Amino acid sequence: MNAPRLGSEEFSYSDRISQLPDDLLLRILSFIPTSDAISTSLLSKRWKFLWKMMPTLDLDEDSCRNLGSLRFDEVCCSFLPSHEARVLTSLNLKLMTHSNDIDRLLSNIQSILHELTITSYSWSRISFPRNLNVCQTLVVMKLQDKVLVDVFSPPVCFRSLKTLHLTRVKFSCQESFRRLLSVCPVLEDLYLFIDRVRYECLPSFTIFVPSLQRLSICEESYSRTLFEISVPSLIYLKIAARYGWFKFFEDMPKLVEAHVEVNPYEINNLLRCLTSVERLSIEFFSSMDIVLTDRIFHRLLYLELHMHNGLQENQILSLLKHSPNLQALKLNEKPSCSDRDQPIFVPKPNSVPECLTFHLETLEWRGYAGRPEDKEIAVYILGNALRLNTAKISRYFSSSRFRHRHHQKKDRKIVKELKSLSKASTSCQLVIQRQYYP
């Protein structure tokens, strides 16, 4: 293409970008909104069908409004059947208005779909009917926010689905949730976020999935929710549900890592099912009455306690007594201005825990307050841990100048006390740090 002459020079322009190979052009299109990528079909014949080979489609109801006067569901029904990629790696649908046609939208997909994400900001229904063939190839499915799941019988079989994330999703009944899990024969990862504060939710959830390897349950609630669980193949467990009530029907012998945040009355019930775990993190309250009796954590190597309102010496020693092979202990005390809970009396072990004598190598204590009970714990562990290599203790310290000056003297006294503590391990390196907070 020749441009107008400017002075004695002549400029020419060429469409160099259209000469790039398809793979590179598709890579460029992946960085812009899908609605803009579809609009490139108007540029030239070279671009007319290029967007149809994109492996990932993000169809946002807001951004698709510039594609004409069609409604969002009409846009999807128009463009999805014409997509030419044999494999559609990912499809993200973001709905802004109410829709009862999600099943119909998905039925228009002719490609093999691996990952599906549906986010709705107005209640939209999905039922996964048996003739919804696209779901049979799904590997990852994520349903978020105001999605109403009403699973009919019999539903489609998710024979390839390995990851299922349900965030603030509402089920029409308990049977819908049970049916959904029952048709996922190879499910490995389940994430369940329940918001009972803003939405009406089921009073109980039954999770019986033999193949499940990762389970995460998070709940925002002011009322109790029952979780009935049977997951014998579980490797990773995360529970953050202060009002949850848990009933495990069998042990989890393959469990490697667990993060637990439950109310004090559920902790014993839960710990009895975690004796095979190797890494354990617990939200710990001084009012927790941990009774392990004959339960021993033989495989536990790493223990982390997120402490609220401190910890009693006998409580930590009881945990250490039942963790004979523990190698690393991390105590993380959160800054708190609330009144301390009434501590629970726990009998002190008659002998030094086995892990202190033979295995404990690392101690990390964040937020050390220097209270008498804190000093007792530090004295006991440092004085009995024969294999300890590193003891790292940090204190929360206000960045306020006034509080800084006010606590300087007390801080120096606590640091001096820590440095003077005797250590059973001659190779132990004691590191004392300040950790500032606003």
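Looking at an unreviewed UniProt entry, one finds the protein named F-box domain, with Arabidopsis suecica as its source organism.

Novice: Sorry if this is basic, but what is going on with the overall build of the protein here?
Specialist: Helices and strands together make up the secondary structure of the protein, namely 11 helices and 21 strands. The 438 residues of the protein split such that 47% are buried. Contacts in the protein between residues at least 24 apart in sequence constitute 58% of all its contacts with a sequence separation of at least 6. When the accessible surface of the protein is summed, it comes to about 22000 Å², and 51% of that surface belongs to carbon and sulfur atoms.

Novice: Would you take a moment to explain the side chain of E304 for this structure?
Specialist: Examined against the element boundaries, E304 turns out to sit in strand 17 (residues 302-308). The class of E304 is buried, set by a relative accessible area of 11%. Side chain to side chain, E304 and Y302 meet in a polar contact 2.9 Å long.

Novice: Explanation requested: helix 1 (residues 22-29) in the structure shown.
Specialist: Along an α-helix, residues three or four apart share an orientation, since each turn contains 3.6 residues. Taken together, the buried positions of helix 1 are occupied by L25, L26 and L29. For helix 1, the angular spread of buried residues about the axis comes to 100 degrees, placing them on one side. Exposed residues pointing more than 90 degrees away from the buried face of helix 1 are listed as D23 and R27.

Novice: Would you mind going over the confidence of the model for the protein with me for this structure?
Specialist: Per-residue confidence for the protein gives a mean pLDDT of 82, with 81% of residues at or over 70. When mean pLDDT is compared element by element in the protein, strand 7 (residues 163-167) scores highest at 97, while strand 1 (residues 2-6) scores lowest at 51.

Novice: How should I be thinking about the nonpolar core in this particular structure?
Specialist: The nonpolar side chains of a soluble globular protein tend to be buried, and buried together. Grouped together as the largest cluster of nonpolar side chains are 114 residues, with contacts concentrated most on F128, F158, I207, L274 and L280. A total of 5 residues in this core trace back to one element, the largest contributor, which is helix 10 (residues 372-384).

Novice: Please clarify how a positive patch on the surface should be interpreted in this entry.
Specialist: There is a patch of like positive charges on the surface, built from K375, K409, R412 and K413. Counting residues per element, the positive patch draws most heavily on helix 11 (residues 401-420), which supplies 3 residues. Note on K409: relative accessible area 65%, which makes it exposed.

Novice: Any chance you could explain the side chain of R395 here in plain terms?
Specialist: Looking at the element boundaries, R395 is found in strand 20 (residues 390-398). Residue R395 is classed as buried on the basis of its relative accessible area, which comes to 7%. Of the polar contacts made by the side chain of R395, one reaches the backbone oxygen of Y368; its length is 3.2 Å.

Novice: Help me understand the packing of aromatic side chains, please; the structure alone is not making it clear to me.
Specialist: Aromatic rings in a pair are described by how distant their centres are and how their planes are angled relative to each other. Within this structure, the stated rule accounts for 7 aromatic pairs. When the ring of F128 is compared with that of F158, the centres are 5.2 Å apart and the planes differ by 80 degrees; the resulting orientation is edge-to-face. Placement of F128 in the loop between strand 5 (112-126) and strand 6 (140-149) and of F158 in the loop between strand 6 and strand 7 is noted, with a sequence separation of 30 residues between them. We classify F128 as buried; its relative accessible area is 1%. The lysine or arginine in question, K170, covers the ring of W123, its NZ or CZ lying 5.7 Å from the ring centre. Between R214 and the ring centre of Y236, over which it is positioned, the NZ or CZ distance is 4.0 Å.

Novice: What's the story with the sheet that holds strand 14 (residues 244-248) in this structure? I'm lost.
Specialist: The strands making up a sheet associate through backbone hydrogen bonding, with each pair oriented either parallel or antiparallel. A sheet is described by the order of its strands in space; here 3 strands give the open sequence 10-12-14, paired in parallel fashion. The sheet is open, and its two borders are formed by strand 10 (204-208) and strand 14, each paired with just one other strand. Between one strand and the next, the sheet's axes are offset by a mean angle of 15 degrees, whatever the strand orientation.

Novice: Which parts of the structure should I look at to understand empty space enclosed by the protein?
Specialist: Any empty space left between the atoms is revealed when a probe the size of a water molecule rolls over them. Following the criterion strictly, the structure yields 2 cavities of 30 Å³ or more and no others. Computed from the structure, the largest cavity encloses a volume of approximately 40 Å³. Forming the walls of the largest cavity are L166, R168, V169, F171, L192, F193, I194, D195, C201 and F205. Considering each element in turn, the lining of the largest cavity owes the most residues, 4 residues, to strand 9 (residues 189-195).

Rules behind the numbers
- Residues numbered from 1 in each chain as written.
- Predicted model: local features only at pLDDT ≥ 70, side-chain atom pairs only at ≥ 80, totals over all residues.
- Heavy atoms only, no water.
- Helix = DSSP H or I, 4+ residues; strand = E, 2+ residues; numbered from the N terminus.
- Buried < 20%, exposed > 50% of the residue type's maximum accessible area, 1.4 Å probe, protein only.
- Contact = heavy atoms within 4.5 Å.
- Areas by Shrake-Rupley, 256 points an atom, 1.4 Å probe, with all protein chains shown as cover.
- Polar contact = N/O pair within 3.5 Å; in protein donor to acceptor, adjacent residues only side chain to side chain.
- Arc of directions from axis to C-beta.
- pLDDT = per-residue confidence, 0-100.
- Core = buried A, V, L, I, M, F, W, Y, C linked by side-chain atoms within 4.5 Å.
- Patch = residues over 30% accessible without salt bridge, like charges linked within 9 Å, V, L, I, M, F, W, Y side chains within 5 Å.
- Salt bridge = Lys/Arg side-chain N within 4 Å of Asp/Glu carboxyl O.
- Lys, Arg positive; Asp, Glu negative; His and termini not counted.
- Charge placed at Lys NZ, Arg CZ, Asp CG, Glu CD.
- Phe/Tyr/Trp six-rings, centres within 6.5 Å; stacked < 30°, edge-to-face > 60°.
- Lys NZ or Arg CZ within 6 Å of the ring centre and 35° of its normal.
- Pairing = 2+ DSSP bridges.
- Axes fitted to C-alpha atoms, helices over the stretch in contact; angles between N-to-C directions.
- 1 Å grid on protein atoms, 1.4 Å probe; cavity = no way out; pocket = protein on both sides within 12 Å on 5 of 7 lines; lining within 4 Å.
- Points joined across faces, edges and corners; volume = space filled by probe spheres on them.

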